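# Structure at a glance
The lines below spell out each chain.
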Amino acid sequence: KSDKINLTMTTPDEGKEKVVLTMTGITLTIDAEGKVTLDAPNAAVNANCKTVEAKASASVKIDTPETTITGKVDVNGDVTMGSKCSVGDTLAVTADATFGATITATGTVTCAGVISSGMVSGSNLSTPSVPSMNAAITSLQSHTHAVPGIQSGSSTATTGGPNL
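Residues numbered from 1 in each chain as written. Predicted model: local features only at pLDDT ≥ 70, side-chain atom pairs only at ≥ 80, totals over all residues. Heavy atoms only, no water.

Helix and strand content of the protein: one helix and six strands. Starting at the N terminus and walking to the C terminus, you meet the elements of the protein as β-β-β-β-α-β-β. Looking at the 164 residues of the protein, the share that counts as buried comes to 4%. On the protein, roughly 15,300 Å² of surface is accessible, and the fraction owed to carbon and sulfur atoms is 52%. (Helix = DSSP H or I, 4+ residues; strand = E, 2+ residues; numbered from the N terminus. Buried < 20%, exposed > 50% of the residue type's maximum accessible area, 1.4 Å probe, protein only. Areas by Shrake-Rupley, 256 points an atom, 1.4 Å probe, with all protein chains shown as cover.)

Structure follows, in structure tokens:
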């Protein structure tokens, strides 16, 4: 025992067995159930090794304002995101994806097919591989409707864009 390092071991007659290592500003505790606690609020923990494996039967929580991961990340399960997800260059989804909210794109959206059970709208819709559909879209972008019971030519309504 010195002024800088303190190692304390409790025995069963003093309560639960545990080992406590204390240095200036750092406390490492190992209890009888195998719980390891490192209290080092002003220190950094570095692991430099070939492989790190963490297995938890319930959960792992990382509580920090920012996390950086370099290299490839594989997730073999569900991913739940909070309020925002940012992707650098490309996001590739190779399985079914379900979105429970609005998707907004400020650039071009390209897809092999669109199936909608609701409204699809936009100011620049085109279907390059189906020319007859392009003609229908162009027709929908600007056309007039006659109002029944009103003399022809005296009142019409013009659509503001396609709503398919």
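This brings us to the sheet that holds strand S1 (residues 5–10). Strand order in the open sheet formed by four strands is S1-S2-S3-S4, and the pairing between neighbours is antiparallel. Only two strands of the sheet have a single neighbouring strand rather than two, namely S1 and strand S4 (36–39). Direction aside, neighbouring strands of the sheet carry axes that sit 10° apart on average. By the bridge criterion, four bridges tie strand S3 (residues 26–31) to S4 in an arrangement that is antiparallel. (Pairing = 2+ DSSP bridges. Axes fitted to C-alpha atoms, helices over the stretch in contact; angles between N-to-C directions.)

With six bridges joining them, strand S2 (residues 18–23) and S3 adopt antiparallel strand pairing. The partner of Lys18 across the bridge, within S3, is Asp31. Remark: two residues form the turn of the hairpin made by S2 and S3, two consecutive strands paired antiparallel; Gly25 in that turn has positive phi of roughly 80°. Two successive antiparallel strands, S3 and S4, enclose a turn made up of four residues, where Gly34 displays a positive phi of approximately 95°.

Residues Ile5, Leu7, Met9, Val19, Leu21, Met23, Ile30 and Val36 make up a contiguous nonpolar surface patch of roughly 690 Å² in combined accessible area. Residue position: Val36 is located in strand S4. Taking relative accessible area as the criterion, Val36 reaches 55% and is therefore assigned exposed. (Patch = residues over 30% accessible without salt bridge, like charges linked within 9 Å, V, L, I, M, F, W, Y side chains within 5 Å. Salt bridge = Lys/Arg side-chain N within 4 Å of Asp/Glu carboxyl O.)

Model confidence for the protein is summarised by a mean pLDDT of 74, while 69% of its residues fall at 70 or above. Averaged pLDDT values over the elements of the protein bottom out at 47 in strand S6 (residues 156–158) and peak at 90 in S4. Predicted confidence is poor over residues 154–159, with pLDDT under 50, and the contacts of this stretch with residues over four places away or in other chains come to 16 contacts. (pLDDT = per-residue confidence, 0-100. Contact = heavy atoms within 4.5 Å.)

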